[in-house]
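So the chains spell out like this:
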Amino acid sequence: MKIDTIIIGGGLTGLSTAYHLRNKNFILLEKENTVGGICKSVKTDTGFTYDYTGHLLHIKNSYVKMLIHKLLRNNIDLKIRNSWIFSNSVFTQYPFQANLYGLPKKVINECIEGVIEAKLTNLPAGGQLSFYDWCLKTFGKGISKHFMIPYNRKLWKIDTRKLTTKWMGDYIPQPNLKEVIDGAFNSNKKMFGYNSTFYYPRKSGIQSLIDSIKKEIPDTKIKTNINIMSINIKSKIIKTNLGDMQYKNIVSTIPLPEIIKLIKNSPSKIRRLSGELDWVSLLNINIGINRKNVSDKHWVYFPENKYIFYRVGFYCNFSKTLCPQNTSSMYVEISYRNRKIDEQRLFQKTITDLNKIGILKATDRIISTCNLNIPYAYVIYNQKREFAFGAIQNYLTKNSIFSIGRYGGWKYSTMEDAILDGRAIVRCLK
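A brief look at the structure comes next. Counting restarts for each chain, with residues numbered from 1 along the sequence as it is written. Since the coordinates come from a predicted model, pLDDT governs what is reported: local features require at least 70, and pairs of side-chain atoms require 80 or more to be given and counted, while whole-chain, interface and lining totals use all residues. In computing side-chain properties, one takes all heavy atoms of the structure into account and sets aside hydrogens as well as water.

## Some words on the environment of Cys370
In this text, helices come from DSSP runs of H or I with a minimum length of four residues, and strands from runs of E with a minimum of two, each type numbered from the N-terminal end. Within the fold, Cys370 resides in strand 17 (residues 366–379). Type-normalised accessible area, obtained with a 1.4 Å probe on protein chains alone, sets the label of each residue: buried when under 20%, exposed when over 50%, and partly exposed for intermediate values. Look at Cys370 and you get buried, because its relative accessible area is 14%. A C-alpha to C-alpha distance of 8.3 Å links Cys370 and Asn284, two positions 86 residues apart in sequence.

This is the structure:
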């Protein structure tokens, strides 16, 4: 079987590539029995629909906006973000650095003094700074101490001195001094950040986006339950449980270390560099409650170590169709790097913490649970990433393998980026 382009991985990036290649000679190979990767939804017997954590469409690109509306038609709503932070036993609006109002006076004073001191201190320029030093330079000691450092240490599971700033882009809002001070003494009405609004399907969760894209791709072009045994880059043959497939190009959207494992006789240097890539895994604990309006928020960040999770989101506020009438649903995110975890212990600690905070009440009854484990969740931008990634990508490209998307491109990115990556690579294929 000779194929111009073989797409490995049927997540959002792979499906976007297939969509933009749909009239060409290609095939998409997916190891699971359905496509979608981690961009899909689980429907339970109890009537709850859970995504693989919060999958929200933050759209800035006009083409992606047009495509999403074309695919989902009337099954889409635009939401204004309602996100918060819980620290020092109080809720404050996101982002922390622009919304100090409501925190203890001592904390507010530390944060404002830190920002002023940072503006008067001349630290080295950006590219040389670790994330830890960048936070001190940009926000000062107070904001860094009370949110930036602990939250990111909790998310990435590494010392923030070992984390570079290459991942940030526009993800971290940087209010000016006036905006910080205004937000310390008044409830701030200004929206900061790339995710101030988002789109979300009215029905069926994020799965509806996957289903809509899949409908545009010929069924014969998608193969599921595929086990790839090896890739021979010299003969350009992929060995699978369906037989051997000869290709001209490969578009890989699976995690970068995984594609290297598949390549037969890959250079020892490339295998070594692949072993230096690091990432965070994620346990997504989904919970259905027998009480409506458990929260009015979209999601909440938790920087303090006394709570096991770093973020909690509320599906019921994305769409009421995701849970039965008079109930609520939420997702809880816990990151980890030790590849073996005790899910039962983490679940029990989660329930305890949710009760301490007051999100859950003693009278609440949990009527649905669904744990979803994501082995590759976030790429860690440590000091070794840039060189290792560059060398591996150069090797793959020279051998007609184009590794793209969050995991193939080994980067911190959005759903919009995944769609655009699929479109862009099609333009590059010969």
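## Here's the deal with the nonpolar core
Counting 111 residues, the largest nonpolar core has Ile231, Ile259, Phe309 and Met330 as the members making the most contacts within it. Sort the elements by how many residues they give to this core and helix 4 (residues 131–156) lands first, with 11 residues. Among the buried residues, those of types Ala, Val, Leu, Ile, Met, Phe, Trp, Tyr and Cys that are joined through side-chain atoms within 4.5 Å form a nonpolar core.

## Considerations on the sheet that holds strand 13 (residues 279–289)
The pairing criterion for strands is at least two bridges between them, as found by DSSP. The strand order 7-6-14-15-16-13-17 describes an open sheet built from 7 strands, whose pairing is mixed. If you trace the sheet from one side to the other, it starts and ends with strand 7 (90–93) and strand 17, each paired once. Pairs of neighbouring strands in the sheet enclose a mean axial angle of 25 degrees, with direction left out of account. The sheet contact formed by strand 6 (residues 83–87) and strand 7 spans 4 bridges and is antiparallel. When the sheet's bridge partners are listed, Ile85 is paired in strand 7 with Thr92. Only heavy atoms matter for contacts: two residues are in contact if any of them lie within 4.5 Å across the pair. Interaxial angle, 0 to 180 degrees, is taken between N-to-C directions of lines fitted to C-alpha atoms, where a helix line uses only the stretch in contact. Where helix 9 (residues 343–357) meets the sheet, it contacts strand 6, strand 7, strand 13, strand 15 (311–313), strand 16 (328–336) and strand 17, and its direction lies at approximately 60 degrees from that of strand 13.

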